[in-house]
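Topology and contacts: notes
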Amino acid sequence: MRVLAIESSCDESAAAVLDEAGGLLAHELYSQVALHRAYGGVVPELASRDHVRKLLPLVRRALAAAGTGPRDLAGVVYTAGPGLIGALLTGAALARSLAYAWGLPALGVHHLEGHLLAPLLEPDPPPFPHVALLVSGGHTQLIEVRGIGRYRILGDTRDDAAGEAFDKTAKLLGLPYPGGPELSRLAAAGTAGAFHFPRPMLDRPGLEFSFSGLKTAVLHALRGREIDARLKADVARAVEEAIVETLTVKAGRALQETGLATLVVSGGVSANLPLRAALSGAAARHGARVYYPRIEFCTDNAAMIAMAGLHRLRAGERQGLGIEARAQWPIETLAPVGDEQRRADGPARGGVIELDGTEQA
Ligand code: KG4
Ligand code: ZN
């Protein structure tokens, strides 16, 4: 089975071709970072318009690189949510239209399930069950993953996501968007322990996170001081230390509480090298092993969407001719793969844009 996948949930346009036997045959990506940089963050309308320009050429390139034509495909899968609704709709409309024209099934994929399954693209994939630490720009969750579609949220953030905390504090330091990687680069030049920022919720039991206080801590650290390169690097270092320690302690706690010995880390923030080092150390102390996607598949890409879509198409999931896009879509509402029960369409469909609900023959 071979699928074409399209990702357009935020500010990366991407297409990929994944083959069940042959693995990842092609993946193409265009990042809109330069487009949004002038505004200090993603401008949704600009993102949608740029996806419209870039997606079809990316699809062409991916198919050519994979030596694949429509006849070789078993379906077209696309990110149906969560994400920016306009951006999602561009990919959904393109994927649905291509599938219709080629007489193939189309299937909307959950973006975070894509992140969770990204490590399955690696030669040594993680076993199930495992604990997943999903750390992206919009989400910070600890999830017990018992199989594909079998997700139990162990802990979530009460306010900002880890990536959001990186981005917002980076902005306070005058760093360009997206702040996470920039802040991390600056932090490497900072002095460890020069500042100590709070690690909220660490002193309490449980697996919840809260990162919004970091912005205030950074503002306090900068106030009344001459803001030079040294100060910025030291503050960046302290931000990174606070986020990394919080994530590491809670991930360790999740391993302990579940008794599981495998930790999967994914989402954009899993590209952070100090976080990887700290998590590897913590996992070793818990007698557990950590799995990550390769760096380029930590951030948004279509290869991970292809992986999630392939599993669901293979399990027989199909959708009608509607174009599915959901700005919000709780991951716990997904149907388990490999069960008799099919896609849990009922309660989760809030926000679905159905242009045509007719079932495909
Ligand atoms: O998964 P992703 O590409 O998009 C979402 O689904 O949100 O994650 C993007 C987030 C951004 O907040 C970005 O700053 C952060 O991941 N990020 C990093 C690093 N690389 C990306 N944060 C810290 N260190 C990094 N090296
Ligand atoms: Zn993402």
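Every value quoted in this text rests on a predicted model; they were computed, and no experiment measured them. (Residues numbered from 1 in each chain as written. Chains lettered and ligands numbered in written order. Predicted model: local features only at pLDDT ≥ 70, side-chain atom pairs only at ≥ 80, totals over all residues. Heavy atoms only, no water.)

As a further point, take the coordination of the zinc ion (ligand 2). Around a metal, the idealised angle for a tetrahedral arrangement of four donor atoms is 109.5 degrees; for an octahedral arrangement of six donor atoms it is 90 or 180 degrees. Coordination sphere of the zinc ion (ligand 2), protein contribution only: His111 (NE2), His115 (NE2) and Asp300 (OD), at 2.0 to 2.1 Å. Sequence spacing of the donor residues for the zinc ion (ligand 2), all on one chain, is H-x3-H-x184-D. Of this pair, His115 sits in helix H4 (residues 111-117) while Asp300 sits in the loop between strand S10 (289-291) and helix H10 (303-314), and the two are 185 residues apart along the sequence. Of the two residues, His115 and Asp300, neither departs from the other in class, the shared state being buried. (Donors = N, O, S within 2.8 Å, 3.2 Å for Na, K, Ca; no water. Helix = DSSP H or I, 4+ residues; strand = E, 2+ residues; numbered from the N terminus. Buried < 20%, exposed > 50% of the residue type's maximum accessible area, 1.4 Å probe, protein only.)

As a further point, take the packing of aromatic side chains. A full pass over the atoms with the stated rule returns two aromatic pairs. The ring of Tyr30 has Lys54 lying over it, and the distance from NZ or CZ to the ring centre is 4.1 Å. The lysine or arginine in question, Arg276, covers the ring of Tyr292, its NZ or CZ lying 4.3 Å from the ring centre. (Phe/Tyr/Trp six-rings, centres within 6.5 Å; stacked < 30°, edge-to-face > 60°. Lys NZ or Arg CZ within 6 Å of the ring centre and 35° of its normal.)

In this section: the domain arrangement of the chain. In terms of domain boundaries, the chain breaks down into domain 1 (2-116 + 298-354) and domain 2 (129-292). Centre-to-centre separation of domain 1 and domain 2, based on C-alpha positions: 27 Å. When the buried surface of domain 1 facing domain 2 is broken down by residue, Arg37, Leu116 and Cys298 rank first, second and third, together holding 33% of it. The interface formed by domain 1 and domain 2 includes one salt bridge. The partner of Arg37 in a salt bridge is Glu182, and the shortest N-O contact between them spans 3.7 Å. (Domains from an automatic or database assignment. Buried area = accessible area lost by both parts, 1.4 Å probe. Salt bridge = Lys/Arg side-chain N within 4 Å of Asp/Glu carboxyl O.)

Right, let's get into the site of ligand 1. Looking at ligand 1, there are 17 residues lining it, with His115, Gly137, Asp167, Gly268 and Asn272 nearest. Gly268 places a main-chain nitrogen or oxygen 3.0 Å from an oxygen atom of ligand 1. The separation between an oxygen atom of ligand 1 and a polar main-chain atom of Asp300 is 3.1 Å. For ligand 1, whose accessible area on its own is 550 Å², the fraction buried by protein is 87%. (Near = heavy atom within 4 Å. Polar contact = N/O pair within 3.5 Å; in protein donor to acceptor, adjacent residues only side chain to side chain. Areas by Shrake-Rupley, 256 points an atom, 1.4 Å probe, with all protein chains shown as cover.)

Moving on to the pattern of salt bridges. As enumerated under the stated definition, the model contains 22 salt bridges in all. A salt bridge links Asp50 to Lys54, with the nearest nitrogen and oxygen atoms 3.1 Å apart. With Asp50 and Lys54 both in helix H2 (residues 44-65) and four residues apart, the pair spans about one turn of that helix. On the basis of relative accessible area, Asp50 is assigned to the buried category, the value being 4%. A salt bridge links Lys168 to Asp160; the nearest nitrogen and oxygen atoms lie 3.3 Å apart.

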